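# A structural walkthrough
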Amino acid sequence: MMKVCRSITEAAHIGVGISGQEGTQAVLASDYSFAQFRYLQRLLLVHGRWSYFRMCNFLCYFFYKNFAFTLVHFWYGFFCGFSAQTVYDQWFITLFNIVYTSLPVLSMGLFDQDVNDHNSLRYPSLYKPGQQNLLFNKRQFFLCTLQGMGTSFLLFFIPYGAFSVMVKEDGSHFSDQQAFAVTIATSLVIVVSVQIGLDTHYWTAVNHLFIWGSLTVYFVILFAMQSNGIFGIFPSNFPFIGTARNCLQEKSVWLVILLTTVVCVVPGLAVSFLRVDLFPTLTDKVCHLQQSRKRQGPQERSLRRVRRTSSRRSAYAFSHQQGYGELITSGKNMRTSAVSSARSPERTLHSTKWIENMLKRKNEVSCISESTGAPESSNRAIQTP
């Protein structure tokens, strides 16, 4: 039996073992193990679903950014005779997947989540897309490829068309290939950074650090590798001397980068908005419900914290004899101000009469108690010798 459980665990995609009296062979052969069977619900509906969601988004974005990065060379081949010349700097090609875009996609694969754990347990049907393989399949791969091809087309031809009619502030033309390469590379890094920001559902401090930090590192490395100092040390390895400084100081270049970024991002954003609005899935509905509850949360908490504005307090006293309990529980005040007595003499007389009647009643009760107590004391005196 142990060998069968172990073989089943090893043959499964993800093996889950429960440590119990049967032994630990299945636990040692499994990927996840826990002590009680009830933990399986959270493992599947929360962590399992999050893992599938993150992996699918990771793969979709990874294919998108690499198609957008690589296919620019395909469009450039029509203008360079399909030679071995690259449109980018060789150092940009080396550092693009290693430094510039590696950490943002890593943070997405580790921390992203569309629905929190409470709603994941509350709506078990959210687990069905993983069973039906809906988040990443051939259709999703084709859509990622199509989006990457469109982005690469826009990344190349928008700067190409702008550089053909654009001039510098001194009247000279942008006719060098190095300035063209720096513009496309900068637009590419900004576009893929904005796109991963739009694809991120759950923002953390690590996401902000990796995305905006990668952009900062890109510009730091760009200006460092194309500076005069690095060219003086390695003249044959860094041929783009002063290109970033001369190119990015022109306002028209930044307008081209801004136009390229907007045109590349807006179509995908519009398609996502229309899909969620016209054909919402169960995940989209739960996400909308979660966001609406998050907005209403602070208002509900503020309403619960509203305190009583009245400063009136009540106190109660208990005694074996009749006292001022009726006066305390009635809510009437024994003290009357001169102003209130002057304005309403009838009310003052009524309140004083009420107090006098209550005092008389108290005296009568005390007299009755004394009269009943006297015979008892005399009987006791008679009985004692």
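Counting of residues starts from 1 at the beginning of each chain's written sequence and follows it residue by residue. Reporting in this predicted model follows two pLDDT cut-offs: at least 70 for local features of residues, and 80 or more for side-chain atom pairs to be given and counted; totals over whole chains, interfaces and linings ignore these cut-offs and use all residues. To get the side-chain values, all heavy atoms of the structure are used, and hydrogens and water are removed first.

So the rule is basically this: UniProt positions are given in the numbering used here, feature names are shortened, and annotations may be inferred rather than shown by experiment.
As named in an unreviewed UniProt entry, the chain is ATPase phospholipid transporting 8B4 (putative), taken from Seriola dumerili. What UniProt states about the chain under its Subcellular location (unreviewed entry) heading is, verbatim, "Membrane".

## Here's the deal with the overall build of the chain
Definition in use: Counting from the N terminus, the helices are the DSSP runs of H or I reaching at least four residues and the strands are the DSSP runs of E reaching at least two. Type-normalised accessible area, obtained with a 1.4 Å probe on protein chains alone, sets the label of each residue: buried when under 20%, exposed when over 50%, and partly exposed for intermediate values. By the convention used here, residues are in contact when the closest approach between their heavy atoms is within 4.5 Å. All accessible-area figures derive from a Shrake-Rupley calculation using a 1.4 Å probe, and residue coverage is judged against the displayed protein chains alone.
Across its full length, the chain carries 17 helices and two strands. Across the 385 residues that make up the chain, the buried fraction comes to 30%. Taking the intrachain contacts of the chain between residues at least 6 apart in sequence as the baseline, contacts between residues at least 24 apart amount to 71%. On the chain, roughly 25,500 Å² of surface is accessible, and the fraction owed to carbon and sulfur atoms is 62%.

## Focus on unusual backbone geometry
Positioned with a positive phi, Phe82 is a non-glycine residue whose angle comes to about 55 degrees. You can see Phe82 is positioned in the loop between helix H3 (39–77) and helix H4 (90–100). By relative accessible area, Phe82 is classed as exposed at 54%. Even without glycine at this site, Asn133 takes up a positive phi of about 55 degrees. By the element assignment, Asn133 lies in the loop between helix H7 (128–131) and helix H8 (138–165).

## Considering the packing of aromatic side chains
Given two aromatic rings, their pairing is described by the distance between the two centres and the angle made by the two planes. For the record, the criterion: Stacked, tilted and edge-to-face are the three classes applied to pairs of Phe, Tyr and Trp rings, where Trp contributes its six-membered ring and a pair requires centres within 6.5 Å; stacked means planes under 30 degrees apart, edge-to-face means over 60, and tilted covers the rest.
Under the counting rule described, the total for this entry stands at 34 aromatic pairs. Taking the centre distance of 6.2 Å and the plane angle of 65 degrees together, the rings of Trp75 and Phe157 count as edge-to-face. Here Phe157 lies in helix H8 and Trp75 lies in helix H3, a separation of 82 residues in the sequence. For Trp75, a relative accessible area of 16% translates into the label buried. Residue Phe157 is classed as partly exposed on the basis of its relative accessible area, which comes to 27%. Look at Tyr218 and Phe219: their rings are 5.1 Å apart centre to centre, the planes differ by 70 degrees, and that puts the pair in the edge-to-face class. On the accessibility criterion, Tyr218 (1% relative accessible area) is buried. Three or more aromatic residues link up through ring pairs in this structure, and these residues are Phe74, Trp75, Tyr76, Phe78, Phe79, Phe82, Phe153, Phe156, Phe157, Tyr160, Phe163 and Phe180.

## Notes on the environment of Asp284
We count it as follows: Each polar contact in these results corresponds to two N or O atoms within 3.5 Å; when the atoms are within protein, one needs to be able to donate a hydrogen and the other to accept it, and residues that are neighboring in sequence are counted only if both atoms are side-chain atoms.
In this fold, Asp284 is placed in helix H14 (residues 282–304). Look at Asp284 and you get buried, because its relative accessible area is 17%. For Asp284, the side chain forms a polar contact with the side chain of Thr281, separated by 3.1 Å.

## Description of the packing of H3 against helix H5 (residues 102–111)
Our working rule: All axes are obtained by fitting lines to C-alpha atoms, using only the stretch in contact for helices, and the reported angles, taken between N-to-C directions, cover 0 to 180 degrees. In what follows, roughly perpendicular refers to angles from 65 to 115 degrees, roughly parallel to angles under 35, roughly antiparallel to angles over 145, and oblique to any angle outside these ranges. Note on convention: the crossing is left-handed when the near helix lies turned anticlockwise from the far helix by less than a right angle, right-handed when the turn is clockwise. Amino acid classes used here: Ala, Val, Leu, Ile, Met, Phe, Trp, Tyr, Cys and Pro are nonpolar; Asp, Glu, Lys and Arg are charged; the rest, including Gly, are polar.
Running from N to C, H3 and H5 cross one another at 160 degrees; their axes reach a closest spacing of 7 Å. The angle between the axes of H3 and H5 places the two elements in the roughly antiparallel class. Crossing handedness for the pair H3 and H5: right-handed. Seen from H3, the contacting residues are Arg54, Asn57, Phe58 and Tyr61; seen from H5, they are Val105, Met108, Gly109, Leu110 and Phe111. Along the lines of polarity and charge, the residues of the contact of H3 with H5 split into six nonpolar, two polar and one charged.

## Some remarks on H4
Rules: Regarding the arc, it is the one traced by the directions from the helix axis to the C-beta atoms.
The complete set of buried residues in H4 reads Phe92, Leu95, Phe96 and Tyr100. The arc enclosing the buried residues of H4, seen along the axis, measures out at 130 degrees, which places them on a common side.

## With respect to the side chain of Asp114
The residue Asp114 is located in the loop between H5 and helix H6 (117–122) in this model. A polar atom in the side chain of Asp114 sits 2.8 Å from the side chain of Arg49. Among residues more than four places away in sequence, those in contact with Asp114 are Arg49, Phe53, His201, Thr283, Cys287 and Gln290.

## Describing the nonpolar core
This is how it is decided: Within this scheme, the nonpolar core is defined by two criteria: the residues are buried Ala, Val, Leu, Ile, Met, Phe, Trp, Tyr or Cys, and they are joined through side-chain atoms within 4.5 Å.
Grouped together as the largest cluster of nonpolar side chains are 50 residues, with contacts concentrated most on Tyr88, Phe92 and Leu188. When contributions to this core are tallied by element, the ones reaching two or more residues are H3, H4, H5, H8, helix H9 (177–199), helix H10 (205–225), helix H12 (243–247) and helix H13 (251–278). The element that contributes the greatest number of residues to this core is H9, accounting for 12 residues. Apart from the residues within four sequence positions on either side, Tyr88 is in contact with Ala68, Phe69, Val72, His73, Ile93, Ala181, Ile184, Ala185 and Leu188.

## Regarding the UniProt feature "transmembrane region" (unreviewed entry) in the chain
If you check UniProt for "transmembrane region" (unreviewed entry), the listed places come out as residues 58–79, 91–111, 141–167, 179–198, 210–234 and 254–274 in our numbering. Annotated as residues 58–79, this span is 91% helix and 0% strand, and its ends, taken at the C-alpha atoms, are 33 Å apart. A distance of 29 Å separates the end C-alpha atoms of residues 179–198, which is 100% helix and 0% strand.

## Section: the packing of H9 against H13
Contact pair H9 / H13: the axes reach a minimum separation of 9 Å and the direction vectors enclose 35 degrees. Handedness of the H9/H13 crossing: right-handed. Contacts from Thr183, Thr186, Ser187, Ile190, Val191, Val194 and Leu198 of H9 reach H13 at Val253, Val256, Ile257, Thr260, Thr261, Cys264, Val265 and Leu269. Looking at the contact of H9 with H13 residue by residue, the class counts come to 10 nonpolar, five polar and no charged.

## A look at the confidence of the model for the chain
This is how the line gets drawn: What pLDDT expresses is the predictor's confidence in each residue, scored from 0 to 100.
Mean pLDDT over the chain stands at 79; residues scoring 70 or higher make up 73%. Counting contacts from residues 308–321, a segment whose pLDDT is below 50, to residues more than four positions away or on other chains yields three contacts. Confidence drops under a pLDDT of 50 for residues 336–349, and excluding neighbours within four residues, the segment shows four contacts in the predicted structure.

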